[in-house]
Amino acid sequence: MAKFFPPIPEDFNGSLAEERIYELFKKLPDRIRVFHSYKWMASEHYRYTREGEADFIIYDPENGILCAEVKGGGISYKSGQWWQKDNKSERVLNTNPWSQAKNASHFIRRLLKRLSPNVSIPVYPMLWFPDVIMHGNVRFPEEVPKYAVLTKDHTLNPKTALESLINVWGRYKIDQGLQIKLEPGFSENLPEILLPSLELIPASNLSAEENDRQYFRFTKEQFKILEFIEGENRVGIAGGAGSGKTIIAREYAKRISETGDNVLVQRKR
């Protein structure tokens, strides 16, 4: 079974097609790594920022990396625009799906070059339209290689899907002649490269500051209780754990001590 990142999908954004492809990828071989809904952001020469999202980043140590954009329903390309059609209507896609996949592949390529300069691995864009059947005479825009587009025929079973992906890699390699050269441990380290771990530790004085603010907030909320017990000889205060009983007792003891009286505080555990 392929390994997924994250292990549990956050959301398919209402795309049943994307969900079906996800389920199909589950049955790919163990060596495959799949990064779902991969969000990225890149600064271009510090002048502007480009960001995007790849539906799937598919890594196979034997073949390379594919950045896949998945679109369900009917798909068409007219007058320089991509269209998507469902049972009710047809709409223009706000973003060119090929550009989405291509931009993601550019980002991954640059990221690997920066963080793993000794690694050589092909990174290619692809499209997957799992609801359509493509006839032999279909002509795509000149920027889109026909072999980089998969359709319903390629979703019949995991074996067919894997063979289709490998064929995409193979055709790209014929066209571009890129070879794979991996460092030891690269497959294991790739998730950390694409999804780096992060832990931010609060400053040493932050906890005390937060406690002071929390204490001040509690005394404001319980001001009426403190005013009520002023001058009383005996008062019982009930409340669940964390309700602020100790804070009230501490504040009341502080007020008494400020008058010059001795205070004895007993705490029973």
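The rules we used
- Residues numbered from 1 in each chain as written.
- Predicted model: local features only at pLDDT ≥ 70, side-chain atom pairs only at ≥ 80, totals over all residues.
- Heavy atoms only, no water.
- Helix = DSSP H or I, 4+ residues; strand = E, 2+ residues; numbered from the N terminus.
- Buried < 20%, exposed > 50% of the residue type's maximum accessible area, 1.4 Å probe, protein only.
- Contact = heavy atoms within 4.5 Å.
- Pairing = 2+ DSSP bridges.

Peer 1: Explanation requested: the overall build of the protein in the structure shown.
Peer 2: Tallying secondary structure elements over the protein gives 7 helices and 9 strands in all. Considering the protein as a whole, with its 269 residues, one finds that 36% of them fall into the buried category. The contacts in the protein between residues at least 6 apart in sequence include a share of 59% that link residues at least 24 apart.

Peer 1: Quick question: what am I supposed to make of the environment of Thr-155 here?
Peer 2: The residue Thr-155 is located in the loop between β9 (149–151) and α3 (158–176) in this model. Given the relative accessible area of 22%, Thr-155 is considered partly exposed. The sequence separation of Thr-155 and Asp-131 amounts to 24 residues, and the corresponding C-alpha distance is 9.4 Å. Discounting chain neighbours no more than four positions away, the residues touching Thr-155 are Ile-21, Leu-24, Trp-128 and Pro-130.

Peer 1: When you look at the pairing of strand β5 (residues 74–78) in this model, what are you seeing that I'm missing?
Peer 2: If a strand is regular, its side chains alternate between the two faces of the sheet. Sheet analysis places β5 next to strand β6 (residues 81–85), joined by 5 bridges and oriented antiparallel. The residue bridging Ser-76 from the neighbouring strand is Trp-83, located in β6. Between β5 and β6, which pair antiparallel in sequence order, lie 2 residues; one of them, Ser-79, sits at a positive phi of approximately 50°.

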